[in-house]
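If you want the building blocks of each chain, they are given just below.
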Amino acid sequence: MKSLNLLLFALLAALTLTLPASADHNSPEALKARIAPEGRLNVVGAGEGVENVADVAAEPQGAEGVYESVCAVCHSAGIAGAPRTGDVAGWESRIAQGMAALVEHAVDGFQGATGVMPPKGGNAALSDDEVAAAVEYMVELSR
């Protein structure tokens, strides 16, 4: 029993020596310093009053701009089963579903037997109208 008491005393002493020397370690200031972010995001040209990227309104893009910046990534190369823009045969069955179905699949996303369409092409910042315009643009190039 004496050796158990000695062991417990040694453990307690070791724990006491590893604790911080001051109570400041648990102060609100010390806590804030430990959890503070490592850096900040600076938005180029944002000006005064902009706190983060979400505060910077994206300029609406035209149909061709949305296509070039988002849709073409998959639709120019046929990635993930995407019909290639300009491939009349690849678009024929999709166009037959109607523009409303195509826009719905582009906005909400779609998983079919031949491929996957992520919602808004993977760019949630696009408006539904921008996506619809890009779909119409691709359809016109693929008739």
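Coordinates for the structure precede this section.
A brief structural summary. The shown structure was predicted, so the numbers you read here are calculated from the model rather than taken from an experiment.

Quick notes on the rules
- Residues numbered from 1 in each chain as written.
- Predicted model: local features only at pLDDT ≥ 70, side-chain atom pairs only at ≥ 80, totals over all residues.
- Heavy atoms only, no water.
- Phe/Tyr/Trp six-rings, centres within 6.5 Å; stacked < 30°, edge-to-face > 60°.
- Helix = DSSP H or I, 4+ residues; strand = E, 2+ residues; numbered from the N terminus.
- Buried < 20%, exposed > 50% of the residue type's maximum accessible area, 1.4 Å probe, protein only.
- Patch = residues over 30% accessible without salt bridge, like charges linked within 9 Å, V, L, I, M, F, W, Y side chains within 5 Å.
- Areas by Shrake-Rupley, 256 points an atom, 1.4 Å probe, with all protein chains shown as cover.
- Salt bridge = Lys/Arg side-chain N within 4 Å of Asp/Glu carboxyl O.
- 1 Å grid on protein atoms, 1.4 Å probe; cavity = no way out; pocket = protein on both sides within 12 Å on 5 of 7 lines; lining within 4 Å.
- Points joined across faces, edges and corners; volume = space filled by probe spheres on them.
- Axes fitted to C-alpha atoms, helices over the stretch in contact; angles between N-to-C directions.
- Parallel < 35°, antiparallel > 145°, perpendicular 65-115°, else oblique.
- Contact = heavy atoms within 4.5 Å.
- Nonpolar A, V, L, I, M, F, W, Y, C, P; charged D, E, K, R; others polar.

Moving on, we come to the packing of aromatic side chains. Within this structure, the stated rule accounts for one aromatic pair. Judged by centre distance (5.5 Å) and plane angle (50°), the rings of Tyr67 and Tyr137 are tilted. Remark: Tyr137 occurs in helix 6 (residues 128–141) and Tyr67 occurs in helix 3 (residues 63–75); sequence separation between them is 70 residues. A relative accessible area of 23% means that Tyr137 is categorised as partly exposed.

What follows deals with the environment of Val139. Following the sequence through the fold, Val139 ends up in helix 6. In this structure, the C-alpha to C-alpha distance between Val139 and Asp87, residues 52 residues apart in sequence, is 9.8 Å.

A cluster of nonpolar residues, Leu4, Leu7, Leu8 and Leu11, forms a patch on the protein surface that exposes about 380 Å² of accessible area. If you trace the backbone, Leu8 turns up in helix 1 (residues 2–18). With relative accessibility at 48%, the residue Leu8 sits in the partly exposed group.

Glancing now at the layout of surface pockets. Of the volumes computed, that of the largest pocket is approximately 540 Å³. As for the largest pocket, its lining consists of 32 residues, of which His75, Pro83, Arg94, Val116 and Met117 are closest to the centre. Where the lining of the largest pocket is concerned, the elements lending two or more residues are helix 3, helix 4 (88–96), helix 5 (99–108), strand 2 (116–117) and helix 6. It is helix 3 that provides the largest number of residues to the lining of the largest pocket, a total of six residues.

Right, let's get into the environment of Asp87. Locating Asp87 in the fold gives a position in the loop between helix 3 and helix 4. Residues Asp87 and Arg143, spaced 56 residues apart in sequence, show a C-alpha to C-alpha distance of 8.0 Å.

A word on the pattern of salt bridges. One pass over the structure, following the stated rule, counts two salt bridges. The partner of Asp128 in a salt bridge is Lys120, and the shortest N-O contact between them spans 3.0 Å. Here Arg143 and Glu140 are joined by a salt bridge, their closest N and O atoms 3.3 Å apart. Side by side, Arg143 and Glu140 carry an identical accessibility label, which is exposed.

The interhelical angle for the contact between helix 3 and helix 6, taken along N-to-C directions, is 70°, at an axis separation of 9 Å. Comparing the axis directions of helix 3 and helix 6 gives the class roughly perpendicular. Facing helix 3, whose interface residues are Ala63, Glu64, Val66, Tyr67, Cys71 and His75, helix 6 presents Glu130, Ala133, Ala134, Tyr137 and Met138. Each residue belonging to the contact of helix 3 with helix 6 can be placed in one class, and the counts come to eight nonpolar, one polar and two charged.

Functional significance is not addressed by these values, which are geometric in nature.
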